[in-house]
Every structure is written in C-alpha cells, then in structure tokens.
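# Residue-level structure breakdown
Residues per chain are reported as follows:
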Amino acid sequence: MAVQGLGAIDQQYDGSALRIGIVHARWNKEIIDALVAGAIKKLKAFNVKEENIIVQSVPGSFELPFASRSLLKDENLKLDAVIPIGVLIKGSTMHFEYICDSVTHALMRVQEETHKPVIFGVLTCLTEEQARKRAGLDPGMHNHGEDWGAAAVEMPLKYSR
Ligand SMILES: O=Nc1c(NC[C@H](O)[C@H](O)[C@H](O)CO)[nH]c(=O)[nH]c1=O
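Scoring rules and cut-offs
- Residues numbered from 1 in each chain as written.
- Predicted model: local features only at pLDDT ≥ 70, side-chain atom pairs only at ≥ 80, totals over all residues.
- Heavy atoms only, no water.
- Helix = DSSP H or I, 4+ residues; strand = E, 2+ residues; numbered from the N terminus.
- Buried < 20%, exposed > 50% of the residue type's maximum accessible area, 1.4 Å probe, protein only.
- Contact = heavy atoms within 4.5 Å.
- Areas by Shrake-Rupley, 256 points an atom, 1.4 Å probe, with all protein chains shown as cover.
- 1 Å grid on protein atoms, 1.4 Å probe; cavity = no way out; pocket = protein on both sides within 12 Å on 5 of 7 lines; lining within 4 Å.
- Points joined across faces, edges and corners; volume = space filled by probe spheres on them.
- Nonpolar A, V, L, I, M, F, W, Y, C, P; charged D, E, K, R; others polar.
- Near = heavy atom within 4 Å.
- Polar contact = N/O pair within 3.5 Å; in protein donor to acceptor, adjacent residues only side chain to side chain.
- Sits in = over half its atoms within 2 Å of the grid points.
- Disulfide = S-S within 2.5 Å.
- Salt bridge = Lys/Arg side-chain N within 4 Å of Asp/Glu carboxyl O.
- Axes fitted to C-alpha atoms, helices over the stretch in contact; angles between N-to-C directions.
- Parallel < 35°, antiparallel > 145°, perpendicular 65-115°, else oblique.
- Left-handed = near helix turned anticlockwise from the far one by under 90°.
- Arc of directions from axis to C-beta.

### Quick word on the overall build of the protein
Broken down by element type, the protein carries five helices and four strands. Secondary structure elements in the protein, listed N-terminal to C-terminal, are β-α-β-α-β-α-β-α-α. Along the first, second and third principal axes, the C-alpha set of the protein runs to 45 × 35 × 30 Å. Across the 161 residues in the protein, those meeting the buried criterion constitute 44%. Across the protein, the fraction of contacts at a sequence separation of at least 24, relative to all contacts at a separation of at least 6, is 79%. Of the roughly 8800 Å² of accessible surface on the protein, 55% is carried by carbon and sulfur atoms.

### Details of the layout of surface pockets
Roughly 270 Å³ of internal volume is contained in the largest pocket. For the largest pocket, the lining is made up of 15 residues, of which Trp27, Leu88, Ile89, His95 and Ile99 are closest to its centre. Residue assignment for the lining of the largest pocket shows that the elements contributing at least two residues are strand 3 (81–89) and helix 3 (95–114). Of the residues assigned to the lining of the largest pocket, the class counts are seven nonpolar, six polar and two charged.

### Structural notes on the site of the ligand
All residues adjacent to the ligand are Ala25, Trp27, Asn28, Gly60, Ser61, Phe62, Glu63, Val87, Leu88, Ile89, His95 and Ile99. Ser61 is positioned such that a nitrogen or oxygen atom in its side chain is 2.7 Å from an oxygen atom of the ligand. In the environment of the ligand, an oxygen atom lies 2.6 Å from a nitrogen or oxygen atom belonging to the side chain of Glu63. In isolation the ligand has 450 Å² of accessible area, and contact with the protein removes 76% of it. Because more than half of its atoms lie within 2 Å of the grid, the ligand is assigned to the largest pocket.

### Quick word on the state of the cysteines
Under the defined criterion, the tally for this structure stands at zero disulfides. Not engaged in a disulfide, the cysteine Cys100 finds its nearest cysteine sulfur in Cys125; these two sulfurs lie 8.7 Å apart. Residue classification places Cys100 among the buried positions, given a relative accessible area of 9%.

### Comments concerning the pattern of salt bridges
In this structure the tally under the stated criterion is ten salt bridges. The residue Glu146 makes a salt bridge to Lys41 at a minimum N-O spacing of 3.2 Å. One end of the pair, Glu146, is in helix 5 (residues 144–159); the other, Lys41, is in helix 1 (residues 29–45), and 105 residues separate them in sequence. Residue classification places Glu146 among the buried positions, given a relative accessible area of 16%. By relative accessible area, which is 53% here, Lys41 ends up exposed.

### Describing the packing of helix 2 (residues 64–73) against helix 3
Between helix 2 and helix 3, the shortest axis-to-axis distance is 9 Å and the interhelical angle comes to 15°. In terms of their interaxial angle, helix 2 and helix 3 are classed as roughly parallel. The element helix 2 and its partner helix 3 pack so that their crossing is right-handed. Two secondary-structure elements touch here, helix 2 through Leu64, Pro65, Ser68, Arg69, Leu72 and Lys73 and helix 3 through Val103, Ala106, Leu107, Val110, Glu113 and Thr114. Its residues assigned to classes, the contact of helix 2 with helix 3 comprises seven nonpolar, two polar and three charged.

### Side note on helix 2
All of the buried residues along helix 2 are Leu64, Pro65, Ala67, Ser68, Leu71 and Leu72. Burial along helix 2 is one-sided: seen end-on, the buried residues are contained in an arc of 165°. Every exposed residue of helix 2 that faces more than 90 degrees away from the buried side is listed here: Phe66 and Lys73. If you follow the buried residues of helix 2, they end up packed against strand 1 (20–25), strand 2 (53–58), strand 3, helix 3 and strand 4 (121–125).

Spatial relationships are all this shows, so hold off on functional conclusions.
In structure tokens, the structure reads:
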C-alpha cells in the first residue's frame with residue numbers, strides 16, 4: 001500500500017464554487033509571503049477562482065483566531081473555509097510557548113463554534129531555518145502552504161453542512 005505523505009491529496013477536488021479566506025500575520029514577512037503564495041497556488045490548482053480567494057492580514061499570530069472567526073461570520077463574504085497563516089519562531093523567553101498554545105486551541109474553538117473548516121496554517125518553529133524550510137524557501141523543500149490550500153478545498157466539499 002502506498003504510504004501517503006504529509007498533506008497527501010486523496011483526489012482532485014473541484015473548488016470552483018468555493019470561497020476561501022486567507023488571513024495572515026505580518027511577522028516574518030518573507031516566510032509568510034511564501035506560505036500565502038503556496039496556499040493560493042494550490043487553491044487555484046483546485047479551480048478556486050481568484051475573486052473567491054479573500055486575503056487579509058493581522059499584526060501577528062495571536063490575532064489570527066479573532067480575525068478567522070470574524071471572516072467566517074461575515075455574511076457578506078460567505079466563506080466556506082479559512083486558512084489562518086502565521087509563523088512563530090522561538091525567542092529567548094516563554095512568549096513563544098504561550099502564543100503557540102493559545103492560538104492553536106483558539107483556532108480549534110473557532111472551527112467548533114462556526115462549524116466551518118479552519119485550516120491550521122501556523123508554523124511553530126524553534127529556528128528561522130526550520131520555518132524557511134517549511135515555506136519551501138530552501139531548494140527542494142516542500143511549501144506547507146500548498147497542503148493548507150488543498151485542505152481548504154477538501155474539507156468544505158466533504159463536510160459542508
Ligand atoms: O513574538 N513573536 C511573534 C509574534 N508576536 C506578536 C503576537 O502574535 C501579537 O501580534 C502581539 O502580541 C500583539 O497582540 N507573532 C507572530 O506571528 N510570530 C512571532 O514569532
């Protein structure tokens with residue numbers, strides 16, 4: 001049996017009727033930009049229309065849950081899923097741990113409260129090198145933003161209410 005890799009896609013989904021939000025933090029801009037580009041590239045590969053991809057930014061990852069909830073509840077946007085994207089890199093204090101833990105749990109709560117998919121697009125890295133690799137910024141490395149784009153198409157098509 002073929003072993004599926006991380007973020008393996010199980011079939012070619014048609015996202016042409018979907019509306020997807022991407023809300024990204026503004027810390028670690030170069031890495032964020034690569035992750036957002038990867039997510040958009042994959043959304044388009046699944047036929048999501050450019051006009052149906054709504055991209056907004058927030059100051060940092062700690063603001064992602066609030067913004068994600070607001071986007072999903074915005075009746076004018078009619079989003080099918082949201083991809084919060086942030087890059088958290090360990091510093092010399094415990095700030096990193098508290099943000100990672102609180103943001104992760106808060107994003108899960110947004111998903112439960114809104115009954116809409118919230119794709120976990122937050123890198124929690126010990127070094128900048130780890131983050132760059134996961135954004136595909138090193139030659140031959142995979143851009144995790146693409147996995148998040150694929151998940152944002154699969155989930156609403158499979159589990160929309
Ligand atoms: O501290 N490091 C980071 C960070 N801190 C800011 C925080 O998310 C929030 O915006 C402020 O505390 C204001 O609420 N935000 C990140 O996205 N990545 C980091 O690596």
